[in-house]
Amino acid sequence: MQDDEIDYSDAPPLTDAFFERAVLRIPAAEAQDWIKLDPEIASWFRKRGDGYQDRILAVLREHMRTQG
């Protein structure tokens, strides 16, 4: 089925009130993979090309190593 074939006629409208009450729920198994970065930090790493997530992890691991 294609998106344009879906019948939404019985679905209630999504109002601002709905989104004000909405809560993002991440399964516990996936939550360990999420971290919030300041936009300027994420941008700095991304500008250096592919593998930016690995570089972020390397920086964090090095910090852990030096902190004992």
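Quick caveat: nothing in here was measured; it's all calculated off a predicted structure. Residue indices follow the written sequence of each chain, beginning from 1 at its first position. Given that the model is predicted, a residue must reach a pLDDT of at least 70 before its local features are reported, and side-chain atom pairs must reach 80 or more before they are shown or counted; all residues, however, enter totals for whole chains, interfaces and linings. To get the side-chain values, all heavy atoms of the structure are used, and hydrogens and water are removed first.

Chemist: Outline a nonpolar patch on the surface, listing residues and values.
Modeler: Nonpolar side chains collect at one region of the surface, where Met-1, Ile-6 and Tyr-8 lie side by side and expose about 390 Å² of accessible area between them. Along the chain, Met-1 falls in the segment before helix 1 (16-21). For patches, a residue must show more than 30% relative accessible area and have no salt bridge; joins then use 9 Å for like charges and 5 Å for nonpolar side chains, namely Val, Leu, Ile, Met, Phe, Trp and Tyr. Note on areas: Shrake-Rupley with a 1.4 Å probe; residue coverage comes only from the protein chains shown. A carboxyl oxygen of Asp or Glu within 4 Å of a side-chain nitrogen of Lys or Arg is what we treat as a salt bridge. A run of DSSP states H or I qualifies as a helix once it reaches four residues; a run of E qualifies as a strand once it reaches two. Both are numbered from the N-terminal end.

Chemist: Quick rundown of the packing of aromatic side chains? Include the residues and the values.
Modeler: Any two rings among Phe, Tyr and Trp, with Trp reduced to its six-membered ring, count as a pair given centres within 6.5 Å; such a pair is stacked if its planes are under 30 degrees apart, edge-to-face if over 60, and tilted if neither. Tallying each qualifying case throughout the model produces two aromatic pairs. Ring geometry for Phe-18 against Phe-19: centres 5.0 Å apart, planes inclined by 85°, an arrangement best described as edge-to-face. Arranged with centres 5.0 Å apart and planes meeting at 80°, the rings of Trp-44 and Phe-45 form a pair that is edge-to-face. When accessible area is computed with a 1.4 Å probe and restricted to protein chains, residues below 20% of their type maximum are described as buried, those above 50% as exposed, and intermediate ones as partly exposed. According to the relative accessible area criterion, Trp-44 is partly exposed, its value standing at 45%. Over the ring of Trp-44 we find Arg-48; its NZ or CZ atom is 3.6 Å from the centre of that ring. Note on criteria: charge over ring means Lys NZ or Arg CZ within 6 Å of the ring centre, with the direction from the centre no more than 35 degrees off the ring normal.

Chemist: Can you lay out the pattern of salt bridges for me, pointing to particular residues and giving the numbers?
Modeler: Here the structure, examined in full by the defined rule, presents one salt bridge. A salt bridge links Arg-65 to Glu-62, with the nearest nitrogen and oxygen atoms 2.6 Å apart. Residue Arg-65 and its partner Glu-62 are both found in helix 4 (residues 52-67); the two are separated by three residues, about one turn of the helix. Overall, Arg-65 belongs to the exposed group, its relative accessible area being 58%. The exposure class of Glu-62 is partly exposed, given its relative accessible area of 38%.

Chemist: Lay out helix 4 with the relevant residues and their values.
Modeler: Helix span, expected: 1.5 Å multiplied by one less than the number of residues in the helix. The terminal C-alpha atoms of helix 4, which comprises 16 residues, lie 23 Å apart, in line with the 22 Å expected from a rise of 1.5 Å per residue. Positive backbone phi, at 70°, marks Gly-68, one or two positions downstream of helix 4.

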